[in-house]
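A look at the structure
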Amino acid sequence: MGSQVTGFEPGLAPLPPKDVIVGLRTGRIRPFGGVKGLFSAINKQPRRDKIQLSVGGFSGDERQYIHHKSPDNAIHQYDPRHYEDWKRVLPDREHKFKVGAFGENISSAHLSENNLCVGDKFRLGPEAIVQITMFRQPCYKLNHRFEYKKMSNLIQSTGYTGWYYRVIQGGEVQEGDEIELIERINPFWSLSRIQHIMYTETDNIEAITEIIQLEGLSKEFLTLFQDRLTKGTENMNGRLLGNFAVPWQQFKLVEKTRLTPRVQRFVFESEDQDTESEDLRFGRFPHVRLKFGPDSKFTRAYSVVSGDMKSFELGIAKDDNSRGGSQFLHDDLDIGDVLEVAKGHNANIPIISNDQDAGPTKHIFVLGGIGVTAFISEIKTLEKKSANFEIHYAVRSRKEAAYLDHLPMKNTTVYAKDEGRRLDVAAIIPPPKDCRDDCFKSLVYCCGPPSLLISCQDITTKLGYPRSQLHFEEFGSIGTGTGEPFEAEIKNTGQILKVPREKSLLDILNEAGFGIDSSCLAGNCGTCMVDVCKGNVIHRGTALEDEQKESSMLSCVSRGKGRIVINC
C-alpha cells in the first residue's frame, strides 16, 4: 500500500467526476469490541429506503464520541477502493475488510482523499447540499474494530482515513442518488495535502497559517491547528492508543493435561513481550476469549483458573453439544500451537464488592460441572480473607469433579449423581437478607448447565434478590440462542427474517448481511444487543438490566415469540 502522506507534492487537486451513492448506512450506539465500558456506533447497517438528512446527520444514525456529535461531523464517507489495499496489507484479517467496516455512512465509486478539498460543496440527490470539513482522524477504537493494535497508526500513515461533511441544506437521500460537486473554494488544499501537514510536516508554520484561514474547515481542525501555532504539535498517543488495552495477543499452548474423562487442563504462555504490567492482571471473575478455526473467525470465552496475561490456565470440558469450541480444543489443538487471545470482561459483576460490604455477608456458590472454573479465583480471595462462604458443587461423579482439590473442603458440599445426592437449589439459597441465625446479606454466585442456572435464576427472582447481590456465568446450550422458531421484522426495511429452531437471531442477522458485532456468545457481555420495537422476547443472558430488557435483547441467546420488530 502506497503512503499518501509522505513525500507529498502540493498542487491543484484533480476534479472528481460525477458520482453515485452506492452504499448508505446508519448505526446505533452499542457495546463494542468486547471491552468493558467501550461503546460505539461504528457497526452501521445498510439502508435501502429514503433517509432524511438534516444538520445533525441521517435520521436513525447515532454518534457516541462527543466531538463527533458536531455538525461538522454529520456524515462520514470512505473510499471502498481502500478495502482491497487493506486486504493485501493485512491478509490474516481479510474477512474484516468489507464495505461498512470503517463505520461510513456513504460509499461511492470515485471520490477519494486525493481528489477532494476542504470546503468542497456537493449536492446529494435532488436537494441536499453538504460540505467537506475535514478528514477522519483515526482513533484507538479502530484497533478494536480490526483487532490489530497498530491499526490506527497504520491508517494515519497511509492516509486512508475517509472524510466528514457538514449539512448545508437537508433533504431526502437514498442509495442510487447522484453526488455532484457544485463548488470548489480551496483547490490547492486536498485532504491528502492537509494530512501531510497534520502528520508529517507538523511544524510547517506557513502551511498551518494558511490552513486555519480555509473556508469550510471544521472547528475541530481550526482549533487543533491554532493550538499548534502557540503550543506546538499535540500528543497523538491518547487518540491512537486510548485508555483500553488492545485485546488480541498471541499465546502458545505449552501444556495440555487430562484431568477427568471429560475435562482437560490447558496452559497458555504469551508470545507478546511488550504487554504493560498494568495490563497483565485479571479482575474479578477472570476469563479470556480464544480465537481459532478457519480464518480465525471463531471465538469462545472461557473462565481462567489461575495466572495472568503472561501465562494462564484454563479448565475446559468437552461439551456433548459442542458448537465447535471445546471439540476443537480437545481434539485438534496441540502443544506449540498459537492462538489469539483477548482478556475478557463481564457485564454482571455485583455492585457489592468484597471490600465494601456493609455488615456481615454470606457468599453462596452454586456450581455445576466445569462451572467451578468461573469462581476459583473468587473463592481463593474469600478464603484468604476468612470470609463467610459456602460452596455447593454438583457433579456426575467425584471422579469427574474437576478442580475439587482447589476448593476448601470445610466450605464445600459435593452432590454426586452416582451417589444419589441431588442439589436442591431452593433448599440452599436463603432470602437476600437472612436473619435465621444472624442478619447476613447473601450474595449468590452460579455457573453450570442450563437447568441449574435457570433454577437459580427462578429462586433468586422469587426471593426478591437485587441484581447487586447476584453473579451468574452462563455456558452450554443455554448460550446458543436456540429454541422455538420465530420471525424478526427489520423496522427500517420491513424485511422479515425467519429464525429457525437450530439457529440464533445473531446467526440469522449476520447471514442476512447485517454484520452484528458479538463477543462472548453466551449473553454475558452485551456486544450483540439490538433494539426491540415491538413483540415479546424470551430473555436469556446476564448482560442487560431489567429496564434495558423493555426495549433491547441479546441477539446471541435471547429469542422472540411469534414475530418481533427489531432495529439493529
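Keep in mind that this is a model prediction, so the values were computed, not measured.

Conventions adopted
- Residues numbered from 1 in each chain as written.
- Predicted model: local features only at pLDDT ≥ 70, side-chain atom pairs only at ≥ 80, totals over all residues.
- Heavy atoms only, no water.
- Helix = DSSP H or I, 4+ residues; strand = E, 2+ residues; numbered from the N terminus.
- Buried < 20%, exposed > 50% of the residue type's maximum accessible area, 1.4 Å probe, protein only.
- Contact = heavy atoms within 4.5 Å.
- Areas by Shrake-Rupley, 256 points an atom, 1.4 Å probe, with all protein chains shown as cover.
- Core = buried A, V, L, I, M, F, W, Y, C linked by side-chain atoms within 4.5 Å.
- Phe/Tyr/Trp six-rings, centres within 6.5 Å; stacked < 30°, edge-to-face > 60°.
- Pairing = 2+ DSSP bridges.
- Axes fitted to C-alpha atoms, helices over the stretch in contact; angles between N-to-C directions.
- Right-handed = clockwise from strand over helix to strand, strands pointing away.
- Expected span 1.5 Å × (residues − 1).
- Arc of directions from axis to C-beta.
- Polar contact = N/O pair within 3.5 Å; in protein donor to acceptor, adjacent residues only side chain to side chain.
- Salt bridge = Lys/Arg side-chain N within 4 Å of Asp/Glu carboxyl O.

**Section: the overall build of the protein chain**
Tallying secondary structure elements over the protein chain gives 12 helices and 30 strands in all. Looking at the protein chain residue by residue over its 568 residues, the buried ones come to 54%. At a minimum sequence separation of 6, the contacts of the protein chain that also span at least 24 residues come to 71%. When the accessible area of the protein chain is evaluated, it comes to approximately 24,700 Å², of which 47% is carbon and sulfur surface.

**What about the nonpolar core?**
Nonpolar side chains tend to gather and get buried jointly when the protein is soluble and globular. Core analysis: the largest hydrophobic core is formed by 40 residues, its most contacted members being Leu53, Ile75, Leu124 and Phe225. Elements with a minimum of two residues in this core: β1 (19–26), β5 (51–54), β9 (121–124), β10 (128–135), β11 (163–169), α4 (191–199), α5 (205–211) and α6 (219–231). Setting aside residues up to four positions removed in sequence, Leu124 forms contacts with Leu53, Ile75, Ile106, Val130, Val173, Glu178 and Ile179. In terms of nonpolar packing, the next biggest core, distinct from the first, is built from 27 residues, Ala317, Ile379, Ile391 and Ala416 among them.

**Some points on the packing of aromatic side chains**
The final tally for this structure, using the stated rule, is 20 aromatic pairs. With a centroid separation of 6.0 Å and 15 degrees between ring planes, the pair formed by Trp86 and Phe97 is classed as stacked. Here Trp86, found in helix α1 (residues 82–89), pairs with Phe97, found in the loop between α1 and β8 (106–108); they are 11 residues apart in sequence, far enough to count as distant. With respect to class, Trp86 is no different from Phe97; both count as buried. Look at Phe365 and Tyr445: their rings are 4.3 Å apart centre to centre, the planes differ by 10 degrees, and that puts the pair in the stacked class. Residue Phe365 is located in strand β20 (residues 361–368), and its partner Tyr445 is located in strand β24 (residues 440–448); the two are separated by 80 residues in the primary sequence.

**Overview of the sheet that holds strand β27 (residues 496–499)**
Taken in spatial order, the 5 strands make up an open sheet running β27-β26-β30-β28-β29, and their pairing is mixed. In the strand order of this sheet, the two ends are held by β27 and β29 (552–554), each with one partner. Ignoring which end each strand starts from, the neighbouring axes of this sheet average 40 degrees apart. In terms of strand pairing, strand β26 (residues 486–490) meets β27 through 4 bridges, oriented antiparallel. Bridge pairing in β27 links Ala488 to Leu497.

**Description of the environment of Ile179**
Tracing the chain through its elements places Ile179 in strand β13 (residues 178–183). Accessibility expressed as a relative area gives 1% for Ile179, which makes it buried. Beyond its immediate sequence surroundings of up to four residues, Ile179 is in contact with Lys18, Asp19, Val20, Ile21, Gln77, Ile106, Ser108, Leu111, Phe122, Arg123 and Leu124.

**A look at the side chain of Ser107**
Along the polypeptide, Ser107 turns up in strand β8. Accessibility expressed as a relative area gives 1% for Ser107, which makes it buried. Excluding its chain neighbours within four sequence positions, the residues that come into contact with Ser107 are Val20, Ile21, Val22, Gly23, Arg25, Gln77, Tyr78 and Val99.

**What about the pairing of strand β21 (residues 388–395)?**
Relative to β21, β20 runs parallel, the two being bridged by 7 bridges. Within β21, the position partnered with Gly368 by the bridge is Ala394. Running through helix α9 (residues 376–384), the crossover from β20 to the neighbouring parallel element β21 is right-handed. With 5 bridges connecting them, β21 and strand β22 (residues 412–416) associate as parallel partners. Residue pairing across strands places Val395 opposite Ala416, the latter belonging to β22.

**Comments concerning α6**
Spanning 13 residues, α6 covers 18 Å between terminal C-alpha atoms, matching the ideal 18 Å at 1.5 Å per step. Looking only at α6, the buried set comprises Phe221, Leu224, Phe225 and Arg228. Buried residues along α6 cover an arc of 90 degrees about the axis, so they all sit on one side. In this structure, α6 carries Lys219, Thr230 and Lys231 as exposed residues pointing more than 90 degrees from its buried face. A positive phi of about 90 degrees marks Gly232, the residue just after α6.

**Some thoughts on the sheet that holds β5**
With respect to topology, 3 strands assemble into an open sheet ordered β6-β5-β12, the strand pairing being antiparallel. Edge positions in the sheet fall to β6 (57–58) and β12 (171–173), since each of these pairs with one other strand and no more. Note: β5 against β6, 2 bridges, orientation antiparallel. Opposite Leu53, over in β6, you have Phe58 as the bridge partner.

**Observations regarding the side chain of Asp61**
Within the secondary structure, Asp61 is located in the loop between β6 and β7 (75–77). The class of Asp61 is buried, set by a relative accessible area of 13%. Engagement of the side chain of Asp61 in a polar contact is seen with the side chain of Lys44, the distance being 2.9 Å. Apart from the residues within four sequence positions on either side, Asp61 is in contact with Thr26, Gly27, Lys44 and Asn105.

**Side note on the pattern of salt bridges**
In the structure shown here, the tally under the stated rule is 24 salt bridges. A salt bridge links Glu62 to Arg28; the shortest N-O distance between them is 3.5 Å. Pair noted here: Glu62 is in the loop between β6 and β7 and Arg28 is in the loop between β1 and β2 (30–31), with a separation of 34 residues, a long-range link. The exposure class of Glu62 is partly exposed, given its relative accessible area of 25%. Assessed through its relative accessible area of 25%, Arg28 is described here as partly exposed. Where Arg228 meets Glu234, a salt bridge forms, and the shortest distance between an N and an O atom there is 2.9 Å. On the accessibility criterion, Arg228 (5% relative accessible area) is buried. Taken together, the salt bridges that share partners define one network made up of Arg28, Arg30, Glu62 and Asp531.

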